[in-house]
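# Fold and contact review
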Amino acid sequence: MPFLPIDSVTLSSGIQMPVIANGSWAPPTGNARAEVKDWTLTALNAGYRHIDTALGYGTEKSVGLAIKESGLKREDVFITTKLPCTDHSRVKDSFSESLTNLGVDYIDLYLVHWPQCIASEEADGTFQLASYPTFVEVWAEMEEIFEGKKARAIGVSNFSIKNLEILLQSAKIVPAVNQVELHPYLAQNELRQYCKNKGIIIEAYTPSGYSKVRNDPVIVRIAQKLAATPNQVILAWHLFRETVVVPKSANEERQRENINLPVLGNEEVEQINALDRDERICNKPDKNGLVFGWTMEQLGW
């Protein structure tokens, strides 16, 4: 079975970003976030050179420790982290906090995690929203961070065409990346084409669609045909479509699988394309129809 090597894409700022990252989200329970150090280290040892984290994940310190322990040079590891939607009123302070947590003096890619600004989270799990600053004002501060050369590229996450259109009306710098939920059940074809036309790289979180998509009969059949795992097939589909992916695995064997991918033919790709049903699996609306306090209409979803 032929395999695809890890490769990179060139961002609009001119830097290279590896197309496969290992994610570092962990639940706030027990030692889960501290244990991120160990499996980030196994990922680095397996050959990953792109680690995706976020201040909101509570794992930046663990990622920084893993990179330090790996013995790799700082410039050999691409680090993505994100501005929390609770920190829109303190962009530069939040960025400095991320630098400190990671133990580095620059970030390769800094993303606005969500377009909405959350003032606080209530005990019942609902969110109090703030009308200011808007993501337009936040982006202006992101541009200043980029101009100060502390972030080598800046981008957004969870932005729709609707909100990108608003942002680009006043932006001096076009986002280099838009990280969104994307998998065979949520192919995001219109958003992908829009971003391509604007020079924005699309990056997929929840790229496998969890077990719901991995267990789809079409995916399973293709995996059996190629002597690969369903996860490998889905990641190969993403790369065929020129999408950067952020799979997350704490298992060393699966980490290695995720960077050794089969080459799909056009027939297999078309079969997977046909699975699209515009279904969100990771960030679905809650019982009130909201995602982190915003309606689907506000999100442009």
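Residues numbered from 1 in each chain as written. Predicted model: local features only at pLDDT ≥ 70, side-chain atom pairs only at ≥ 80, totals over all residues. Heavy atoms only, no water.

Per an unreviewed UniProt entry, the chain goes by NADP-dependent oxidoreductase domain-containing protein and derives from Lentinula detonsa. UniProt lists a comment for the chain under the heading Sequence similarities (unreviewed entry), and it reads "Belongs to the aldo/keto reductase family." (UniProt positions renumbered as here; feature names shortened; annotations may be inferred.)

### As for the pattern of salt bridges
Applying the stated rule across the entire model yields 12 salt bridges. The partner of Asp52 in a salt bridge is Lys82, and the shortest N-O contact between them spans 2.6 Å. Here Lys82 lies in strand 6 (residues 78–83) and Asp52 lies in strand 5 (residues 50–52), a separation of 30 residues in the sequence. Notably, a salt bridge pairs Glu252 with Arg256, separated by 3.5 Å at the nearest N-O pair. Taken together, the residues Glu252 and Arg256, both in helix 10 (residues 252–257) and four residues apart, mark about one turn of the helix. A relative accessible area of 39% places Glu252 in the partly exposed class. Where salt bridges share partners, they join Arg74, Asp108 and Arg152 into one cluster. (Salt bridge = Lys/Arg side-chain N within 4 Å of Asp/Glu carboxyl O. Helix = DSSP H or I, 4+ residues; strand = E, 2+ residues; numbered from the N terminus. Buried < 20%, exposed > 50% of the residue type's maximum accessible area, 1.4 Å probe, protein only.)

### A look at the side chain of Ser98
One can find Ser98 in helix 3 (residues 91–102). A polar contact of 2.7 Å, which involves the side chain of Ser98, links it to the side chain of Glu60. Look past the residues within four positions of Ser98 in its chain and what remains in contact with it is Leu55, Glu60 and Thr81. (Polar contact = N/O pair within 3.5 Å; in protein donor to acceptor, adjacent residues only side chain to side chain. Contact = heavy atoms within 4.5 Å.)

### Some words on the UniProt feature "active site" (unreviewed entry) in the chain
UniProt tags Tyr57 as "active site" (unreviewed entry). What Tyr57 contacts, discounting residues up to four positions off in sequence, is Ser24, Trp25, Ala26, Arg33, Asp52, Lys82 and His113.

### So, the pairing of strand 11 (residues 177–181)
Counting buried residues in strand 11 gives five out of five residues, a clear majority hidden from the surface. As paired strands, strand 10 (residues 154–157) and strand 11 are joined by two bridges and run parallel to one another. Considered in strand 11, the bridge of Val156 is made with Asn178. In this fold, the crossover linking strand 10 to strand 11 by way of helix 5 (residues 161–168) has right-handed handedness. Note: strand 11 against strand 12 (residues 201–205), five bridges, orientation parallel. In the sheet register, Val180 faces strand 12, and the bridge partner there is Ala204. Each parallel crossover has a hand, and for strand 11 linked through helix 6 (residues 189–198) to strand 12 it is right-handed. (Pairing = 2+ DSSP bridges. Right-handed = clockwise from strand over helix to strand, strands pointing away.)

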